[in-house]
Amino acid sequence: QVQLVESGGGLVQSGGSLRLSCAASGSISNINAMAWYRQAPGKQRELVARITSSGDTNYADSVKGRFTISRDSAKNTTYLEMNTLKPEDTAAYYCYVRTDWTTNHWGQGTQVTVSS
């Protein structure tokens, strides 16, 4: 079993910053990719940022230049540095991990609320 533990969410003022973390533990062999998704009430879940085992990254256009995804392979942990937060960033953020090229894992979600 693979467990993803998310942390770092909370309430922040517009323009502020938060750093989310997602630590994978359990029966892990190879992590191929780690990513962050978000979903606001009544909205579709969307990809925010993704990082592969090779270090390649992808970002949603809405967060480019503000968010940074990173990965600590030794700790099986991914981070999402969120800067210049906007109210439209308010959502539940979910960690995603793909292992062994075939298996998908999802975190429990952590709420990020940005007030004006």
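Everything below is about the structure printed above this text.
Residues numbered from 1 in each chain as written. Predicted model: local features only at pLDDT ≥ 70, side-chain atom pairs only at ≥ 80, totals over all residues. Heavy atoms only, no water.

A. Local environment of the layout of surface pockets. For the largest pocket, the calculated volume is near 190 Å³. What lines the largest pocket is R38, Q39, A40, K43, Q44, E46, S62, R66, E88, D89, T90 and A91. In terms of residue class, the lining of the largest pocket is built from two nonpolar, four polar and six charged. (1 Å grid on protein atoms, 1.4 Å probe; cavity = no way out; pocket = protein on both sides within 12 Å on 5 of 7 lines; lining within 4 Å. Points joined across faces, edges and corners; volume = space filled by probe spheres on them. Nonpolar A, V, L, I, M, F, W, Y, C, P; charged D, E, K, R; others polar.)

B. Looking closely at the packing of aromatic side chains. Overall, the coordinates contain three aromatic pairs when judged by the stated rule. Considering the side-chain rings of Y37 and Y96, the 6.0 Å spacing of their centres and the 75 degrees angle between planes classify their relative orientation as edge-to-face. Here Y37, found in strand 4 (residues 31-39), pairs with Y96, found in strand 9 (residues 91-99); they are 59 residues apart in sequence, far enough to count as distant. These aromatic residues form a ring-pair network of at least three members: Y37, Y96 and W106. Sitting over the face of the ring of Y94, R45 holds its NZ or CZ atom 3.9 Å from the ring centroid. Its guanidinium or amino end placed over the ring of W106, R45 lies 4.9 Å from that ring's centre, counting from NZ or CZ. (Phe/Tyr/Trp six-rings, centres within 6.5 Å; stacked < 30°, edge-to-face > 60°. Helix = DSSP H or I, 4+ residues; strand = E, 2+ residues; numbered from the N terminus. Lys NZ or Arg CZ within 6 Å of the ring centre and 35° of its normal.)

C. Looking closely at the nonpolar core. Counting 25 residues, the largest nonpolar core has W36, V48, F67, L80, M82 and Y93 as the members making the most contacts within it. Taken together, the elements giving at least two residues each to this core come down to strand 3 (18-26), strand 4, strand 5 (46-52), strand 7 (67-72), strand 8 (77-82), strand 9 and strand 11 (110-115). Excluding anything up to four places from it in sequence, M82 contacts G16, S17, L18, L20, R66, F67, Y93 and V112. (Core = buried A, V, L, I, M, F, W, Y, C linked by side-chain atoms within 4.5 Å. Buried < 20%, exposed > 50% of the residue type's maximum accessible area, 1.4 Å probe, protein only. Contact = heavy atoms within 4.5 Å.)

D. View of the side chain of T99. Inspection of the secondary structure assignment puts T99 in strand 9. You can call T99 buried: its relative accessible area is 4%.

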